[in-house]
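Structural overview
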Amino acid sequence: NEYKSYLSLTHMTESGGLTNSVELIDTHQIKQIFLESDANPDKVFSAVQSCRKILSKKSHRQIDEVINMGLLPHLVHFLTLDGSPELQFESCWAITNIASGNPLQTKAVVEGGAVPHLMRLLSSTNAHVAEQAIWALGNVAGDSAMYRDFVIESGIIPLLVDMTASTTASITLHRHVAWTLSNLCRNKDPPTSIESLTKMIPSIRLLLSSEDRCVLSDACWAISYITDGGSERIQLAIQSGVVTKLVNLLEHHEISVISPALHAIGNIVTGKYEQIQNVINHGLLSHLSKLLFHQKPSIQKEATWTISNITAGTPFQIQAVIDANLLPYLVTILARGELECQREATWAVMNLTAGGTPQQI
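Residues numbered from 1 in each chain as written. Predicted model: local features only at pLDDT ≥ 70, side-chain atom pairs only at ≥ 80, totals over all residues. Heavy atoms only, no water.

Scanning the entire structure with this criterion turns up ten salt bridges. The residue Lys 188 makes a salt bridge to Asp 228 at a minimum N-O spacing of 3.4 Å. Remark: Asp 228 occurs in the loop between helix H14 (213–227) and helix H15 (231–240) and Lys 188 occurs in the loop between helix H12 (171–185) and helix H13 (194–207); sequence separation between them is 40 residues. A relative accessible area of 35% means that Asp 228 is categorised as partly exposed. When the shortest N-O distance is used, the salt bridge between Lys 290 and Glu 251 registers 2.6 Å. A residue pair is termed long-range when its members are at least 10 positions apart, and Lys 290 in helix H19 (residues 285–292) and Glu 251 in the loop between helix H16 (243–249) and helix H17 (255–268) qualify at 39 residues. Of the residues examined, Glu 251 reaches a relative accessible area of 40% and is grouped as partly exposed. (Salt bridge = Lys/Arg side-chain N within 4 Å of Asp/Glu carboxyl O. Helix = DSSP H or I, 4+ residues; strand = E, 2+ residues; numbered from the N terminus. Buried < 20%, exposed > 50% of the residue type's maximum accessible area, 1.4 Å probe, protein only.)

So, about the packing of aromatic side chains. All chains considered together, the criterion is met by four aromatic pairs. Between Phe 34 and Phe 78, the aromatic rings sit 5.2 Å apart at their centres with planes inclined by 75°, giving edge-to-face as the arrangement. One end of the pair, Phe 34, is in helix H2 (residues 27–35); the other, Phe 78, is in helix H5 (residues 72–78), with 44 residues separating them in the sequence. The exposure class of Phe 34 is buried, given its relative accessible area of 10%. Residue class for Phe 78 comes out buried when judged on its relative accessible area of 8%. The interplanar angle of 45° and the centroid separation of 5.6 Å between the aromatic rings of Phe 293 and Tyr 329 together place this pair among those described as tilted. Of this pair, Phe 293 sits in the loop between H19 and helix H20 (297–310) while Tyr 329 sits in helix H22 (residues 327–336); the two residues are 36 residues apart in sequence, bridging distant segments of the chain. Among the residues examined, Tyr 329 registers a relative accessible area of 28% and is labelled partly exposed. Positioned above the aromatic ring of Trp 93, the side-chain terminus of Arg 52 is 4.0 Å from the ring centre. (Phe/Tyr/Trp six-rings, centres within 6.5 Å; stacked < 30°, edge-to-face > 60°. Lys NZ or Arg CZ within 6 Å of the ring centre and 35° of its normal.)

Quick look at the environment of Val 257 now. In this structure, Val 257 sits in helix H17. Counting along the chain gives 26 residues from Val 257 to Ser 231, while the straight-line C-alpha distance between them is 24 Å. The residues contacting Val 257, other than those within four sequence positions of it, are Arg 213, Leu 216, Ser 217, Cys 220, Leu 249 and His 252. (Contact = heavy atoms within 4.5 Å.)

Structure follows, in C-alpha cells:
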C-alpha cells in the first residue's frame, strides 16, 4: 500500500470538505500577501487556498517552489490560529501535500516545526481539521523510521487509540486513523518498538471489524508490517486475537483486503511451530484452495508461499495440508502455473519431502 498520499483538487469536494472556488495566484503573489502585516483575512485565506491548489497537482517541482519561496513557515503559523478553522484546514491540506513529497520535502515540514502544531490539531473540535492533521502526520511517519519514531514520541498513539474507540467517529476519520497506524507499524530499520506496537494493536484489531474496504485494507497492512519481524512480534499479533479476523477476511470480495490479510497470515506461518499451528487451528487451510487459483496471480503466489511455510513445519502440520487436499492443487500449479507460483510450489514440495514422514512423502 502507499505510504504517502496527497490530496487532489477534487478530493475534499467529493468527501464533503471545506473548499471554496478562488482565483489562482502564483507563489510570488502569495508570498507578498503573507508578508503584508495588515492583510485582509479574506485575502490571506484566498492566498492559502491558492497555495494549496498549487500543491494539489502531485508535483515535486511545485512543492520545491513553495518551500523555496519561503511559504512553509507561514503555513505552519496559520495552524496556530484556532479562531480560523477554515484557514487551519487549508494550511493543513497544503502541509499534507508538502509532506507527501520526497524525503527532503518531508524534512522541510519536520524542521519547519509543523509536527507539534499538527499534533495539537488532532484534538480540534473541527472534524475536517482533525482529519487533515492525521493525514499530514501519516505522511511524515511514512517517510522513514526516524520520522515515524518522532511522530510516536510526539504522543500520537493515545490520540489515535481514542479516535478508534469513539462511537461517533466518521468512516473518513477511521480511514485516516487506519492508514496512519499502518505507517506507524512500517519500516524495519529499526522496526517500531514492541512497547508502541502493544499500545496500537488493540485499535488495529478493532478496525478489522469495520465494514469499510479502505479501513480493512490498511488495518491488514498494519498487521502484516507487525508480523514481518520475528516470532516475538508474531506472538503479539496472535495474542491480540487478530488471527480469526484475518482468516475470515480471506473471503472478502475486494483484492485490496484479501492481499494484505493473506500476507499477514503468510508472515505468521514463518514463525514457530506453535504459531503455525495457531493459524491452522483457526481454519486457514479450508480457505487456501480457492486462493491458489484466484484470478490475481499475486494472490496465487501468496497462497502458495503460505503453504510452503506450513510444509516447513512439523509432520503433523504437513498432514494437515494433505488432509485439506491441497497437494493436487500444488501439482497443478507445478504443471501449468505462473513461474513465481511454480517456484513457491516447488518450495512447498521440497519442504514436505525434507520434513515429512515416509508415508507422507
